[in-house]
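Descriptive structure summary
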Protein chains: 2
Amino acid sequence: MNSLVDPWIPTLKDIQVAAYRIEGIVNRTPVMTSRSINDMTGGELYFKCENLQRVGAFKFRGATNAVLSLRDDEAVNGVATHSSGNHAQALALAARNRGIPAYIVMPKNSPKVKVEAVKSYGAQITFCEPTLEARESTLEKVVDHTGAHFVHPYDDPRIIAGQGTAALELIDEIDHLDIIMAPVGGGGLLSGTALAVKYVNKKTEVIAAEPLNADDAYRSFKSGKIIPSNNPDTIADGLKTSLGELNFGIIMKHVDDIVTVSEEGIVKAMRTIWERMKLIVEPSAAVPLGALLEGKLDVKGKKVGIILSGGNVDLDELPWRSNGFTTVMEQDFRY
Amino acid sequence: MNSLVDPWIPTLKDIQVAAYRIEGIVNRTPVMTSRSINDMTGGELYFKCENLQRVGAFKFRGATNAVLSLRDDEAVNGVATHSSGNHAQALALAARNRGIPAYIVMPKNSPKVKVEAVKSYGAQITFCEPTLEARESTLEKVVDHTGAHFVHPYDDPRIIAGQGTAALELIDEIDHLDIIMAPVGGGGLLSGTALAVKYVNKKTEVIAAEPLNADDAYRSFKSGKIIPSNNPDTIADGLKTSLGELNFGIIMKHVDDIVTVSEEGIVKAMRTIWERMKLIVEPSAAVPLGALLEGKLDVKGKKVGIILSGGNVDLDELPWRSNGFTTVMEQDFRY
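Residues numbered from 1 in each chain as written. Chains lettered and ligands numbered in written order. Predicted model: local features only at pLDDT ≥ 70, side-chain atom pairs only at ≥ 80, totals over all residues. Heavy atoms only, no water.

**Some remarks on the overall build of chain A**
Broken down by element type, chain A carries 15 helices and 10 strands. For 335 residues, the compact-globule estimate of 2.2 N^0.38 gives 20 Å, and chain A sits close to it at 19 Å. Dimensions of chain A, computed from the C-alpha atoms along their principal axes, are close to 60 × 60 × 40 Å. With 335 residues in all, chain A has 59% of them scored as buried. Long-range pairs, those at least 24 residues apart, make up 73% of the contacts in chain A between residues at least 6 apart in sequence. Here chain A has roughly 14,000 Å² of accessible surface; of this, 49% comes from carbon and sulfur atoms. Taking the average place of the 36 positive charges on the side chains of chain A and the average place of its 42 negative ones, the gap between the two points comes to 3 Å. (Helix = DSSP H or I, 4+ residues; strand = E, 2+ residues; numbered from the N terminus. Rg over C-alpha atoms; globule rule 2.2 N^0.38 Å. Buried < 20%, exposed > 50% of the residue type's maximum accessible area, 1.4 Å probe, protein only. Contact = heavy atoms within 4.5 Å. Areas by Shrake-Rupley, 256 points an atom, 1.4 Å probe, with all protein chains shown as cover. Lys, Arg positive; Asp, Glu negative; His and termini not counted. Charge placed at Lys NZ, Arg CZ, Asp CG, Glu CD.)

Structure (structure tokens):
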């Protein structure tokens, strides 16, 4: 299989070119630390804040690299994708920045806030039934009709190279990391991270974290063949997708391990980051810290880079009780 | 009156010495920007992120400066204060860093989360009735009993000089600001900010923002005499205190204007910062942006520095509905 996918695997040069291409458009996000979280884990943790990236997630790196990689004749009819999440917003903004149309196929049950965000970047949305089949067939029609260039959310070397630039910045800023952690869904961020890290320093371990409730990457990694998820239920909505083929090949070769985290552990880690770091991260971004807090990986005395993948969360739907809830409950008790 | 307070007013040198003294203990916090908030206001806004300061608020600057200013014979019996908020935590940690005791008088209705935080820094807490009189008389007893050195939360030149270091960093990093904004409660942050800014560049306007529901600084500023608040009710819990005397003198001389904000405006600005900047700020920190979003100050085309004063907020008591609330309401409708 490797002989088939090898020509598609981004080189260090590809990732460096991506970094150069997206510079000034994509934020160089800060790296932050927390004394109290270091105390909790015993490690020296460096958080790469992709929640502070434009559109609120690392996805803008890959999307921008993909859109800017297109020749003029490829770009002229715009770009298209299907996504209910951060890739949709990222591609929409990347296309607007280049001045070309974006066509986004979204499941009709997508959160209104995400639909509005995609619209606000000027993309044209086509709604479909909320199944993978409907998404793919609707996208095919859109592409046939418009001549737009399809940009896959993760199973694409330009996307992988773009996502790898976050890790490149992190290892440029923090020397001698023992471990780099990233969450894994479709595998775009993880495969880009693994390539960037291993090209620069093979001694740095790359360890992925995944929700136990959507552990297709874990099972695929352990069994050596892709085992897709079947409609997984996890609060980490960005990690429900199953591994891409290109991503899987890279992950098998360059990732050292994958650990899993409970739903409770994800919420706990998310709240810890909110409280201790004053940073808003989405559940997916909290998955690696969740693994550490659940003791799935011992980082005592180690320097660990963690990619906080994004911060897009609906503030009206937080996974803990709040003012309104307390008030209503108190009223319940009172009457 | 000025002749009375003048000897107590920190000089530029005092603020610079404070900056030198607290360096390496206090975080040099990042300055962040938001394209979308710039679009909303028409200005070029630079947020100084004191919510990312240690203990989650600028208060750690002043407390650290005060504690490190003490001679050994002054410090030997520790420090004491009364506070239900961020100053209590800040002084507790500053004292622990110097290895001296901290005695904190807290109203017995203080939020449990704040009491726990103060305890976690090893301070000794004495509870009192929730009135200013009880706080002051209890503090007097504690000081008599322990010989500890009283550090006032804001009406103290060492505190003012320490708080002024945040603005000093901001103007060091961002050139040619037209305006600097800070919230005002007791006036420690505002008077320190005004001194630092005006010593360096008289052309930069210093404009304070205050909750309309706790507008003692506004009324004092406009009338030229201190008019204390009477038990004000505002979500910006850090800004309920009335102006200190030393602070008032500095503010009258160096602050260009004070604007007020509605409670709704504070919540809207807080949510805007959470959503657009992915930063957790407490209501008090959102007061200046609230004034801009309410049109109290026109910043079109201007470079504006805003001090985000802190990020200590109880995530179980957010001023908007959340998951729990929705669920309970839906159940109410269902049954």
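So that's the structure; there's more coming.
**Focus on the sheet that holds strand β2 (residues 44-49) of chain B**
Residue and element names in this part refer to chain B. What the 6 strands build is an open sheet, ordered β1-β2-β10-β7-β8-β9; its pairing is mixed. If you trace the sheet from one side to the other, it starts and ends with β1 (31-32) and β9 (257-261), each paired once. Across the face of the sheet, helix α11 (residues 216-223) comes into contact with β8 (205-211) and β9 while running at roughly 145 degrees to β9. (Pairing = 2+ DSSP bridges. Axes fitted to C-alpha atoms, helices over the stretch in contact; angles between N-to-C directions.)

**Brief notes about the packing of helix α2 (residues 12-22) of chain B against helix α9 (residues 157-173) of chain B**
Residue and element names in this part refer to chain B. For the pair α2 and α9, the least separation of the axes is 8 Å and the interaxial angle reads 85 degrees. In terms of axis orientation, α2 runs roughly perpendicular to α9. The residues of α9 that touch α2, namely those facing L12, D14, I15, Q16, A18, A19 and I22, are A161, G162, G164, T165 and L168. Among the residues making up the contact of α2 with α9, the classes are represented as 7 nonpolar, 4 polar and 1 charged. (Parallel < 35°, antiparallel > 145°, perpendicular 65-115°, else oblique. Nonpolar A, V, L, I, M, F, W, Y, C, P; charged D, E, K, R; others polar.)

**A closer look at the domain arrangement of chain A**
Residue and element names in this part refer to chain A. For chain A, the assigned domains are domain 1 (12-57 + 157-308) and domain 2 (60-150). The straight-line distance from the C-alpha centre of domain 1 to that of domain 2 is 24 Å. Each partner contributes to the interface: domain 1 provides 23 residues, whereas domain 2 provides 20 residues. A buried area of about 1,700 Å², summed over both sides, lies between domain 1 and domain 2, and 56% of it is on carbon and sulfur atoms. Looking at the side of domain 1 facing domain 2, the largest losses of area belong to R21, V55 and R158, adding up to 41% of the total buried there. Across the domain 1-domain 2 interface, the total number found is 3 salt bridges. The partner of E169 in a salt bridge is R61, with the nearest N and O atoms 3.0 Å apart. (Domains from an automatic or database assignment. Buried area = accessible area lost by both parts, 1.4 Å probe. Salt bridge = Lys/Arg side-chain N within 4 Å of Asp/Glu carboxyl O.)

**Comments concerning the sheet that holds strand β8 (residues 205-211) of chain A**
Pairing between the strands of a sheet comes from backbone hydrogen bonds, and it takes one of two forms, parallel or antiparallel. All names here are of chain A. Reading across from one edge, β1-β2-β10-β7-β8-β9 is the order of the 6 strands in this open sheet, with mixed pairing throughout. For this open sheet the edge positions go to β1 (31-32) and β9 (257-261), each flanked by a neighbour on one side alone. Pairing between strand β7 (residues 179-183) and β8: 5 bridges, direction parallel. Residue pairing for β8: I180 is matched across the bridge by V206.

**Overview of unusual backbone geometry**
Residues and elements named next belong to chain B. Positive phi, normally seen in glycine, also occurs at V55, with a value near 55 degrees. Among the structural elements, V55 can be located in the loop between β2 and α4 (59-69). A relative accessible area of 9% means that V55 is categorised as buried. The residue K278 is not glycine, and still its phi comes out positive at about 60 degrees. By secondary structure assignment, the location of K278 is in the loop between α13 (263-277) and α14 (287-293). For K278, a relative accessible area of 9% gives the class buried.

**What to know about the pattern of salt bridges**
Inspection of the entire model under this criterion finds 36 salt bridges over all chains. Here R219 of chain B ties to D215 of chain B by a salt bridge, and the two come within 2.9 Å at their closest N and O atoms. Residue classification places D215 of chain B among the buried positions, given a relative accessible area of 16%. Residues joined in a network through salt bridges with shared partners are K48, E50, R61 and E169 of chain A.

**Section: the packing of aromatic side chains**
Residues and elements named next belong to chain A. For the coordinates displayed, the defined rule picks out 3 aromatic pairs over all chains. Ring centres of W274 and W320 lie 5.2 Å apart, and the angle between their planes is 90 degrees; this geometry places the pair in the edge-to-face category. With W274 in helix α13 (residues 263-277) and W320 in the loop between β10 (303-308) and α15 (323-334), the pair connects residues that are 46 residues apart, well separated along the chain. Like W320, W274 is buried. Directly above the ring of W320 sits R271, whose terminal nitrogen or CZ lies 5.2 Å from the centroid. (Phe/Tyr/Trp six-rings, centres within 6.5 Å; stacked < 30°, edge-to-face > 60°. Lys NZ or Arg CZ within 6 Å of the ring centre and 35° of its normal.)

**Some points on the side chain of E50 of chain B**
Residues and elements named next belong to chain B. Tracing the chain through its elements places E50 in the loop between β2 and α4. What makes E50 buried here is its relative accessible area of 0%. The residues touching E50, leaving out its near neighbours within four places in the chain, are T29, G56, A57, F58, R61, A166, I307, L308, S309 and G310.

**A closer look at the environment of T126 of chain A**
All names here are of chain A. Relative to the elements of secondary structure, T126 occurs in strand β5 (residues 124-128). Sequence-wise, T126 and M106 are 20 residues apart; in three dimensions their C-alpha atoms are separated by 6.2 Å. When near neighbours in sequence (up to four residues on either side) are disregarded, T126 contacts I104, V105, M106, T138 and V142.

**Some details on helix α4 (residues 59-69) of chain A**
Among the 11 residues in α4 of chain A, 9 count as buried, and that is most of the element. Packed against the buried residues of α4 of chain A are α2 (12-22), β2 (44-49), β3 (79-82), α6 (86-98) and α9 (157-173) of chain A.

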